[in-house]
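Okay, here's what each chain looks like letter by letter:
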Amino acid sequence: MAELQLKSHRFRAEREADWRRLESLLSRVEKGGARTLSRDELVEMPVLYRQALSSLSMARAISLDQGLVGYLESLCTRAYFFVYGTRSRPLERLAGFFAYEWPAAVQALWRETLVSALLMVAGGVGAFVLVSRDPDWFYGFIPQALASGRDPTATTAFLRDTLYSKASAHEALSTLAAFLFTHNSQIAIFAFALGFALCLPTAGLMIFNGCMAGAFLALFASRGLALQATGWMMIHGVTELFAVTLAGAAGFSVGWAVAFPGERTRVDAAADAGRRGASVMAGVVVMLFVAGLLEGFARQLIQADAVRLSIAAASALAWGLYFYLPRRARPA
Amino acid sequence: MTDAAAPRRPPRPARPPRPLDEGWREFVTPEGVDLRLKIASFGERCGAFILDGLIMLGVLIAITLLLLVLQLRANFTYSSEAAQVTWLLGFFLLRNFYFIGFEMRPGAATPGKRAMGLRVVTRDGGRLTANAVFARNAMRELEVFLPASFLFATGLGVDAGLVVLGAIWSGVFVLFPLFNRDRLRLGDLAAGTMVVKAPRRVLRPDLARDGPALVGGLAFTEAQLDAYGVKELHVLEEVLRKADRRTVAEVSTRIRGKIGWEAPLEVSDMAFLGAYYAGLRARLESRLLFGHRRADKFDRP
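Now for a description of the structure that goes with this document. (Residues numbered from 1 in each chain as written. Chains lettered and ligands numbered in written order. Predicted model: local features only at pLDDT ≥ 70, side-chain atom pairs only at ≥ 80, totals over all residues. Heavy atoms only, no water.)

### Comments concerning the overall build of chain B
For step 1, the next point in the chain: A tally of helices and strands in chain B yields twelve helices and four strands.
For step 2, the next point in the chain: When burial is assessed residue by residue, chain B has 42% of its 301 residues classed as buried.
For step 3, the next point in the chain: Here the analysis covers contacts within chain B between residues at least 6 apart in sequence; of these, 67% occur between residues at least 24 apart.
For step 4, the next point in the chain: Approximately 16800 Å² of chain B is accessible, and the part contributed by carbon and sulfur atoms is 63%. (Helix = DSSP H or I, 4+ residues; strand = E, 2+ residues; numbered from the N terminus. Buried < 20%, exposed > 50% of the residue type's maximum accessible area, 1.4 Å probe, protein only. Contact = heavy atoms within 4.5 Å. Areas by Shrake-Rupley, 256 points an atom, 1.4 Å probe, with all protein chains shown as cover.)

Here is the structure:
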């Protein structure tokens, strides 16, 4: 019988070699990344991709071979994701993130940050007042496990000791730092994710976070240890509370976008807010890492109140300048 | 044309433009070609997630065992603090960065997703950014770990009521993908992504050319070839590719009956179907070139 008596046969015979070439290049890329391609092959890729796309359009119009159309669809999809996928260098990306993207994302959320901070302060002040009036409130705010003996029944001497305790041999500094970092990061990510549920749970988390700090301070203040306790808490607390505030702000922005999307569709608004929030959150994890180091190492190694307080002030200044100092726009 | 004696069917009402089938989604490239992606089903995604969970569990167990072995070799002093740090950080990194790390690679899929033939794409067809990947995975806290924490929570009286309410409230997020067309989970919604089925497919031989045993001289009349349309052709293609003997025999009998085939010589079912497929495709494709696409057997030939 006559070879290639169908148009679709000739169509396939003419182009099959190109398809197979594209397929083999793609298989290599998917295994080993774009670096496995030589320069010529990199240049060849988009050309082959467009050929495959046009083959697909053509095949849909003239060929009734489902196997062929299915193959071309899968081939084009794979090629599409390579040609239009992300391929920027990781180091460059990282530098760009810290130089431009992160501060810009944080600045864009200034309203949410303010709300988040106010909620936390309100929680803190409220708890401080309540515990100062009636120490029993302390138990409502601080779980037993976390207090570990630091409650209204403790002696002043004991409380003073906890502020200046060196880590014991059992509790190595690095373990403590690792624990604090992972614990806090998880809480921050949680605060962000909870924002999706229309902001309220995040607001609750912020207030509660403030309450815990307020209750602790009130306890120490009642024994005349207010300044010392502030130094103990704020040496890392500035960084940590700021990070949690930002996480809450990112959560609020997502929740707000879901609840009040404005002129866009709810889905689009949520996606925009989610991505911007994620940018903030990636940085928050870094901040919490710094906070974990400060809490795990610096607080144990530095015992002087003045130094602790000046580190707290310095970190507040540094973060503030880093985020909110006006800067040039990112070069395109 | 099929049968001149048959009463003419009243003209069929014009079809509405065919909506995309259930589970498929339009995905137009900048070149203007619709790639038609298949949305991953809820079951496939659950499967992928379970696989990933098992892999993570396996890694954690492997780390623990490795540390134990290292500790047993007394010379190598692997202090318990170091072990603790490794474990804490290992768990944290796995829980948060296993998904993010894999989905940021060119394949945009975790090992579990890859095993199920899935990948993550943006809904608008743009680049999948690191932010989107981070956002979609950070939301997992809400979808998996929050309900899990309610699952393990205990309480009495009012507390128990609160736990139940919390479980219901967070359960909404778990089942979220079941209630939208694109099977989006919360993270997909917050990141503008979706998960699609993107299996690798191989180019299979053209059945009309290299199909099973094309016997020369097996000719069909035009009337016989006009019995079916594109839809039936595609079914026939599937039958031939699967080559399940019983199905082939059944289909062959049906077609022989329908077109009134009287065998001049005995041919096997497979050869008959192969030849009929080639003939039908040649007929339909040549009609297609003249701008007539016969959707199925009910369509006017």
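### Things to note about the side chain of Glu-143 of chain B
For step 1, the next point in the chain: Mapped onto the elements of the fold, Glu-143 of chain B is located in helix α5 (residues 140–152).
For step 2, the next point in the chain: Discounting chain neighbours no more than four positions away, the residues touching Glu-143 of chain B are Phe-173, Val-174, Arg-185, Leu-186 and Gly-187 of chain B.

### With respect to the nonpolar core
For step 1, the next point in the chain: By size, the foremost hydrophobic cluster in this structure holds 91 residues, and its most contacted members are Phe-196, Met-281 and Val-284 of chain A.
For step 2, the next point in the chain: The element contributing the most residues to this core is helix α3 (residues 66–83) of chain A, with eleven residues.
For step 3, the next point in the chain: Within the second largest apolar cluster, 28 residues are counted, among which are Phe-220, Leu-225, Trp-261 and Leu-273 of chain B. (Core = buried A, V, L, I, M, F, W, Y, C linked by side-chain atoms within 4.5 Å.)

### Here we look at helix α8 (residues 156–164) of chain A
All names here are of chain A.
For step 1, the next point in the chain: Looking only at α8, the buried set comprises Leu-159, Thr-162 and Leu-163. Seen along its axis, α8 keeps its buried residues to an arc of 105 degrees; they face one direction. Of the residues in α8, the exposed ones pointing more than 90 degrees away from the buried face are Ala-157 and Asp-161.
For step 2, the next point in the chain: Along its buried surface, α8 packs onto α10 (200–221), α11 (226–259) and α13 (305–324). (Arc of directions from axis to C-beta.)

### Quick word on empty space enclosed by the protein
For step 1, the next point in the chain: This model, assessed by the stated rule, comprises three cavities of 30 Å³ or more.
For step 2, the next point in the chain: By volume, the largest cavity amounts to about 80 Å³.
For step 3, the next point in the chain: Lining the largest cavity are 14 residues, and of these Arg-283, Leu-284, Arg-287, His-292 and Arg-294 of chain B lie nearest its centre.
For step 4, the next point in the chain: In the lining of the largest cavity, the residues fall into eight nonpolar, one polar and five charged.
For step 5, the next point in the chain: Of the volumes computed, that of the second largest cavity is approximately 50 Å³.
For step 6, the next point in the chain: If you trace the second largest cavity, you find it lined by Ile-189 of chain A together with Arg-95, Asn-96, Phe-99, Asn-137, Ala-138, Arg-140, Glu-141 and Phe-145 of chain B.
For step 7, the next point in the chain: Of all elements in the fold, only α2 (80–103), α4 (130–138) and α5 of chain B reach the threshold of two or more residues within the lining of the second largest cavity. (1 Å grid on protein atoms, 1.4 Å probe; cavity = no way out; pocket = protein on both sides within 12 Å on 5 of 7 lines; lining within 4 Å. Points joined across faces, edges and corners; volume = space filled by probe spheres on them. Nonpolar A, V, L, I, M, F, W, Y, C, P; charged D, E, K, R; others polar.)

### So, the interface of chain B and chain A
For step 1, the next point in the chain: Facing 67 residues of chain B, the contacting portion of chain A comprises 72 residues.
For step 2, the next point in the chain: When chain B packs against chain A, close to 6200 Å² is buried across both sides, 63% of that on carbon and sulfur atoms.
For step 3, the next point in the chain: By the criterion of area lost to chain A, the three top residues of chain B are Phe-92, Arg-201 and Leu-203 of chain B, representing 12% of everything that side buries.
For step 4, the next point in the chain: Its salt-bridge partner being Arg-281 of chain B, residue Asp-65 of chain A comes within 3.8 Å of it at the nearest N-O pair.
For step 5, the next point in the chain: The interface formed by chain B and chain A contains 15 residue pairs in polar contact (both at pLDDT 80 or more). (Buried area = accessible area lost by both parts, 1.4 Å probe. Salt bridge = Lys/Arg side-chain N within 4 Å of Asp/Glu carboxyl O. Polar contact = N/O pair within 3.5 Å; in protein donor to acceptor, adjacent residues only side chain to side chain.)

### Section: the environment of Ala-127 of chain A
All names here are of chain A.
For step 1, the next point in the chain: Within the element layout of this structure, Ala-127 appears in helix α5 (residues 110–133).
For step 2, the next point in the chain: Spatially, the C-alpha atom of Ala-127 lies 8.2 Å from that of Ala-213, the residues being 86 residues apart in sequence.
For step 3, the next point in the chain: Beyond its immediate sequence surroundings of up to four residues, Ala-127 is in contact with Phe-141, Cys-211, Gly-214 and Ala-215.

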